[in-house]
Structure formats: structure tokens, C-alpha cells
Amino acid sequence: MDSSAHLEPGAKGSDVDLEAVMQQVAEHKGCGTTSEGTAKPSCGSSDGPQDMPPEIWDKVKNHPCYSEEAHHHYARMHVAVAPACNIQCNYCNRKYDCANESRPGVVSEKLTPEQAAKKVLAVASTIPQMTVLGIAGPGDPLANPAKTFKTFELISQTAPDIKLCLSTNGLALPEHVDTIASYNVDHVTITINMVDPEIGAKIYPWVFYKHKRYTGVEAAQILTDHQLRGLEMLTERGILCKVNSVMIPGVNDKHLVEVNKAVKSRGAFLHNIMPLISAPEHGTVFGLNGQRGPTAQELKALQDSCEGEMNMMRHCRQCRADAVGLLGEDRSEEFTTDKIMAMEVNYDLEGRKAYQAVVEQERVAKVEAKKEEVATLANVESDIKILAAVATKGQGVINEHFGHAKEFQIYELSTKGAKFVGHRRVDLYCQGGFGDEDSLETVIRAINDCHAVFVAKIGGCPKSDLQKAGIDPVDEYAHEFIEKSAITWFKAYLEKVKSGEIVHEARGDAEIRQGALIETSEEWDERKVCNGV
Ligand code: CLF
Ligand code: SF4
């Protein structure tokens with residue numbers, strides 16, 4: 001499909017029949033289907049709901065974290081109403097957001113439930129594709145149950161079409177499962193980094209449970225028991241559960257295969273293995289003792305090895321506890337408390353539905369285009385698999401200038417199709433119209449394992465440097481669908497290899513860029529109070 005046919009979501013008053021469109025989507029492959037169209041579930045590359053009951057599809061179809069497909073189109077927001085925590089992780093120093101669900105960055109401001117409810121309405125009025133409200137910190141939501149559940153109560157009354165989502169370390173989960181169910185929270189994430197308390201003792205120095213502090217193996221045993229019991233209790237109640245695991249090389253990397261089996265057998269829907277974010281300046285135990293995070297290849301290899309019958313999430317952005325927008329973008333600055341209080345909020349449910357119906361049409365068109373292109377690979381024989389980076393602002397389209405990209409999405413190309421396998425954060429190459437050579441080096445290191453980078457536009461200098469680095473800068477698919485374009489390019493690549501025009505060579509590893517915002521000393525003092533440190 002060319003750019004002219006690309007729908008512009010947002011046309012208010014669309015006469016699209018939402019139910020019909022959803023049904024149309026439901027007849028295509030989905031979150032439980034690989035890009036190859038096989039029956040193996042994989043949210044890492046999903047088009048539709050073929051492998052899941054309609055009630056599950058209904059829960060994931062517009063949740064940007066539970067469906068890779070949806071994350072190109074739908075946004076989420078977090079409200080930072082939960083500052084306290086009941087455990088200590090060695091990757092958190094309490095002056096950053098909860099690393100369970102957030103990269104170590106500060107929340108700009110903590111909110112009361114009432115402020116949070118107002119913020120949700122303001123964002124929902126401004127961003128009609130914002131479909132999910134998550135509470136993910138900055139501490140643990142269930143260590144702050146009154147604020148967390150009050151927030152859910154207010155939002156379910158005023159914005160009933162918004163899905164409610166919760167992320168927890170799981171320590172207090174069993175005692176709150178019935179309350180979670182009573183507020184119609186459909187999605188719960190538990191961060192489970194181990195099922196062996198000996199390994200757990202290397203990750204968690206202590207937990208605080210029933211007014212008592214436990215340490216070492218005993219603490220980890222309590223935590224794992226509660227996490228697994230909480231997971232079982234949630235899945236028994238039909239609540240969709242995602243498990244996040246932080247991959248810590250040399251500590252739990254090999255063990256995460258066991259974790260994967262344990263959570264799968266207890267009914268987890270999705271497993272999200274995330275890289276440890278660790279640097280000395282974060283002041284964490286791991287940061288200070290030099291514990292490194294995984295490389296891109298190590299992370300992918302572990303995710304690949306766990307991708308059997310279990311849905312693997314690969315599009316997590318380890319976002320802040322006050323993030324707003326599509327995954328990979330952050331619009332939280334537009335919605336500070338001052339701005340929200342001055343905003344005229346017009347919660348237009350029908351307008352939101354109409355907008356989302358247009359988004360669904362766009363999504364169906366994209367899925368169709370991909371299917372048609374994948375079909376052309378049917379008789380192509382090759383075992384070559386390569387990675388390609390894509391500059392995109394969303395909607396599943398190559399629509400970002402190389403110099404403006406803050407991240408690149410990574411696709412694995414093979415004769416089975418184009419499969420989303422991750423993303424890489426980068427510095428902006430283009431700073432106010434001038435290319436920054438240091439940034440270009442950073443970008444190249446971040447996508448060094450890719451054979452090509454797809455962009456809407458690119459200047460002559462970076463183009464030439466990318467070529468020198470062995471990465472093909474591809475700009476002829478500007479504003480076209482990502483997967484369809486990538487497959488078309490890949491077929492041409494295979495042809496060139498076959499004809500001898502080029503020699504296929506494997507590429508090296510790449511850097512996973514870590515980013516942390518440093519808190520001011522005032523914020524640090526405030527957080528210490530919140531977390532009892
Ligand atoms: Fe937020 Fe988490 Fe809900 Fe998503 S985030 S509470 S499930 S709405 Fe998503 Fe962000 Fe990754 Fe979390 S990308 S850190 S997985
Ligand atoms: Fe930090 Fe608590 Fe989150 Fe662990 S669960 S990362 S200690 S806020």
C-alpha cells in the first residue's frame with residue numbers, strides 16, 4: 001500500500017461501524033499468531049486473534065503491551081500514585097522509578113488519586129488512542145493499596161472504556177487478588193526474576209512482610225512463594241497475567257528458562273524478558289559492583305530460547321511510572337498537574353470510539369498488505385536470517401527521518417516473513433538541523449547487528465557513513481507499511497546474493513542503549529521518605 005492510501009486516524013464523526021471493524025480484525029491473525037501465520041502464539045509478532053478465545057482477544061486487541069501489533073497504534077498512560085515499596089531489588093536504589101516497569105528515570109510528580117483521575121480524563125480527551133491506564137509505581141502499587149484502588153475506582157466511574165492495568169513485585173499480591181478482580185482490572189504484570197531463592201538472595205537483599213523485615217534466602221523464598229501463588233490466583237480468576245523478568249547476566253540469565261516454564265505452567269499469558277539497566281551513576285548495588293546488562297545478542301538469544309508455546313514480549317520500552325503516549329514516545333510533559341488543571345476536559349466517548357475504528361481500519365489494511373507480501377515468499381528457499389532497523393513514529397509505517405529517530409525498531413527478516421524482535425534507543429543524530437558525528441557513532445553501534453535501516457528520509461553524510469559501516473540505508477519505502485516493505489527489500493537482497501552481486505555476511509553484536517535520568521537531591525530526599533529508606 002502506498003502512502004496516499006494511508007489513513008489518517010482522527011477523522012471525527014467517522015461512519016465506520018466499530019463492531020464490524022473489530023469483527024473484521026478478529027477474522028485475521030492476531031496476538032497469538034506469528035508473522036509466519038503459524039499457530040504458535042507469539043505476541044512478539046502478531047496480527048490477529050486466531051489462536052485465542054474471543055474474550056482474550058477482546059482484552060489484548062488494543063493493549064499496547066499485550067499485543068505487539070497494537071503497540072504501533074494504541075497508547076498507554078501511567079499515573080504515579082504509588083511511591084512506597086515493600087522489597088528491595090539490587091537494581092533499584094529507591095531514588096529512581098520502579099525498575100520492574102520503568103527504566104530508572106524519575107517521575108516528575110507524584111499524584112493523589114483525584115489528580116490521577118483528572119489526568120486520565122485529560123489525556124483520554126487529547127489522545128483518543130490512549131486505551132490503557134497502568135499503575136506501575138514509582139514504588140509498588142500493592143504496597144500502596146488505598147491509593148491504587150481509589151484511583152482505579154475513580155477511573156472506572158468516569159472513563160469506563162479504558163482498560164485498567166497493574167504492575168507489581170507480587171509480594172502483597174495474594175491478599176489483594178479479590179480486590180483486583182472486583183475493580184475489573186483485566187491485566188496484571190508480576191516481576192518474577194527467579195523461582196530459586198538461592199538466586200533470589202543475589203537479587204533481593206530484603207523484603208518487608210507483615211511488619212517484619214526478612215533477608216537473604218528466607219526473604220527470596222517468601223517473595224517467590226507469593227509471586228507464584230498470586231499468579232495462580234489471578235489466572236484462576238481469568239485475569240490476564242504478564243510476567244516481567246530482568247535479565248541479569250551471570251545471576252539469573254540461564255535460570256530465566258526455568259522461570260519461563262514455571263510461569264507458563266501457572267497460566268501466564270505473556271513473558272517479557274527485559275535487559276538489566278545498570279550503571280555506577282544509578283547508585284544501585286548492581287550499578288556500583290559493576291554488574292553489566294546483557295548485549296542485544298544475549299537478550300535475543302534468551303528470548304528466542306523461551307519462545308516455544310509461550311508468548312514473548314519484545315516491544316517493552318521499560319517506561320517511566322508516569323509515561324504517557326505510544327510505547328517509545330513520552331508525552332508526559334504535556335500533562336503536568338499545572339497544565340491539566342488549566343485544561344478543559346471533554347471526555348467524548350463516541351469520538352474516541354470513532355477514532356479507534358479508523359485506527360482499526362488502518363490496522364486491517366496493514367495486516368492484509370503483510371499477508372500478501374509474506375505469501376510471495378512461499379517458494380523462496382534460503383536459510384538466511386538478517387536484522388533490519390526501522391525508523392518509525394508509529395502506525396506501522398516507515399515515517400521517521402533518520403536524524404530525528406530516538407529509537408529504531410528491529411525486525412528479523414527470513415523466508416518466513418518480517419518479525420518484530422526488539423528496539424534500540426539512540427541519541428538523536430540530528431540536533432537542530434546539524435548532524436552530530438558522535439551521535440551517529442552511537443546510532444551505528446546501536447544497530448550494528450542490522451544489515452539495513454529503513455527510514456523516511458536521510459542526508460548524504462549519514463548515508464555514506466552507514467554504508468561504510470556495512471548497513472544499507474533504505475529510503476525508498478517512505479510512508480509505506482514496515483513489514484511489507486521489509487519483505488520486499490529482503491526478497492531483492494536474496495536475489496542479489498543468489499546472483500552473486502553481493503556476498504551475505506553475518507554481522508556483529510549491538511549495544512542496548514541504557515538511559516537514566518538523574519534525580520535532584522531534593523527529589524532523592526523526598527523519595528527516601530516515601531520508601532522508608
Ligand atoms: Fe503500563 Fe505495564 Fe500495564 Fe503496559 S507498561 S503497567 S503492562 S500499561 Fe508495557 Fe512499559 Fe514495558 Fe510495562 S512497555 S514497562 S510492559
Ligand atoms: Fe525498586 Fe521496589 Fe520496584 Fe524493586 S519493586 S524496582 S525495590 S520500587
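Residues numbered from 1 in each chain as written. Chains lettered and ligands numbered in written order. Predicted model: local features only at pLDDT ≥ 70, side-chain atom pairs only at ≥ 80, totals over all residues. Heavy atoms only, no water.

Quick word on the sheet that holds strand S8 (residues 240-247)
For clarity, the cut-off: Between any two strands, at least two bridges found by DSSP are needed for them to pair. Counting from the N terminus, the helices are DSSP H or I runs at least four residues long and the strands are E runs at least two residues long. Whether two residues touch is decided by their heavy atoms; if any such pair falls within 4.5 Å, the residues are in contact. Lines are fitted to the C-alpha atoms to define the axes, a helix being fitted only along its stretch in contact, and any angle between axes, read from their N-to-C directions, falls within 0 to 180 degrees.
With mixed pairing, the eight strands of this open sheet are ordered in space as S10-S9-S8-S5-S4-S3-S1-S11. The sheet terminates laterally at strand S10 (311-313) and strand S11 (324-325), the two strands that pair on one side only. Where helix H8 (residues 216-236) meets the sheet, it contacts strand S5 (187-191) and S8, and its direction lies at approximately 165° from that of S5.

With respect to the packing of aromatic side chains
Any two aromatic rings considered together are summarised by their centre-to-centre distance and by the angle between their planes. Applied cut-off: Side-chain rings of Phe, Tyr and Trp (the six-membered ring for Trp) are treated as a pair once their centres are within 6.5 Å; stacked means planes under 30 degrees apart, edge-to-face means over 60, and tilted covers the remaining angles. Working definition: with a 1.4 Å probe on protein chains only, accessible area under 20% of the residue-type maximum means buried, over 50% means exposed, and in between means partly exposed.
For the structure on display, the rule yields eight aromatic pairs. Centroid distance phenylalanine 149 to phenylalanine 152: 6.5 Å. Interplanar angle 55°. Geometry classified as tilted. Of the two residues, phenylalanine 149 and phenylalanine 152 are both situated in helix H5 (residues 145-158); the distance of three residues between them amounts to about one turn of the helix. Take phenylalanine 152: its relative accessible area is 0%, and that puts it in the buried class.

Observations concerning the nonpolar core
Applied cut-off: Only buried residues count toward a nonpolar core, which is a set of Ala, Val, Leu, Ile, Met, Phe, Trp, Tyr and Cys residues joined through side-chain atoms within 4.5 Å.
Membership of the largest hydrophobic core comes to 56 residues, with the highest contact counts inside it found for Val79, Met130, Leu133, Ile180 and Leu234. A total of seven residues in this core trace back to one element, the largest contributor, which is helix H4 (residues 113-126). Discounting chain neighbours no more than four positions away, the residues touching leucine 234 are Leu173, Val177, Ile180, Val188, Ile190, Ile239 and Cys241. Counting residues in hydrophobic clusters, the runner-up holds 35 residues, among them Cys65, Cys89, Ala220 and Ile222.

Digging into the pattern of salt bridges
Put simply, the test is: Salt bridges, as used here, are contacts in which a Lys or Arg side-chain nitrogen is within 4 Å of a carboxyl oxygen on Asp or Glu.
Summed over the entire model, instances satisfying the criterion amount to 25 salt bridges. Residue aspartate 304 pairs with arginine 314 through a salt bridge whose shortest N-O separation is 2.7 Å. Placement of the pair is aspartate 304 in helix H11 (residues 296-306) and arginine 314 in the loop between S10 and S11, with a sequence separation of 10 residues. With a relative accessible area of 31%, aspartate 304 lands in the partly exposed category.

Comments concerning the sheet that holds strand S7 (residues 212-215)
Read from one edge of the open sheet, three strands run S2-S6-S7, paired in antiparallel fashion. Each having just a single partner strand, strand S2 (87-88) and S7 make up the two edges of the open sheet. Most of the contacts of H8 go to S7, to which it runs at about 105°, and overall it touches S2, strand S6 (206-209) and S7.

Some thoughts on helix H9 (residues 256-265)
Note that an α-helix has 3.6 residues per turn; residues three or four places apart therefore point the same way. Within H9, burial applies to Leu256, Val259, Asn260, Ala262 and Val263. Where the residues of H9 are buried, they touch H8, S8, strand S9 (270-275), H11 and S10. Directly beyond the C-terminal end of H9, a positive phi value near 95° is found at glycine 267.

Quick look at the pairing of S8
Under the convention used in this document: Handedness is read with the strands pointing away from the viewer; a crossover is right-handed when the path from the first strand over the helix to the second is clockwise.
Within S8, eight of the eight residues are buried, leaving the element largely enclosed by the surrounding structure. Residue alternation in S8 divides its side chains into two sets, Leu240, Lys242, Asn244 and Val246 and Cys241, Val243, Ser245 and Met247, and both sets are buried. Pairing of S5 with S8, which is carried by five bridges, proceeds in the parallel orientation. Of the residues in S8, the one forming a bridge with threonine 189 is lysine 242. Bridging between S8 and S9 involves six bridges; their strand directions are parallel. The residue bridging serine 245 from the neighbouring strand is isoleucine 273, located in S9. A crossover connection joins S8 to the parallel S9 through H9; in handedness this β-α-β unit is right-handed.

Looking at the confidence of the model for the protein
Quick note on the threshold: Each residue carries a pLDDT value, the predictor's own confidence for that position, ranging from 0 to 100.
Here the protein shows a mean pLDDT of 82. Residues at 70 or above account for 81%. Confidence, expressed as mean pLDDT per element, reaches its minimum in the protein at helix H17 (residues 521-531) with 32 and its maximum at helix H7 (residues 197-200) with 98. Of the regions scoring below 50 in pLDDT, residues 100-106 engages in 45 contacts with residues more than four places distant in sequence or in other chains.

Observations concerning the packing of H4 against H5
Quick reminder of the rule: Left-handed describes a crossing whose near helix is turned anticlockwise from the far helix through less than a right angle; right-handed describes the clockwise counterpart. Only Asp, Glu, Lys and Arg are considered charged in this grouping, and only Ala, Val, Leu, Ile, Met, Phe, Trp, Tyr, Cys and Pro are considered nonpolar; every other residue, Gly among them, is considered polar.
Axis separation between H4 and H5 bottoms out at 9 Å; the angle between their running directions is 35°. Note that H4 runs across H5; the crossing there is right-handed. In contact with Pro113, Glu114, Ala116, Ala117, Val120 and Leu121 of H4, H5 contributes Lys147, Lys150, Thr151, Leu154, Ile155 and Thr158. Of the residues contributing to the contact of H4 with H5, the split by class is seven nonpolar, two polar and three charged.

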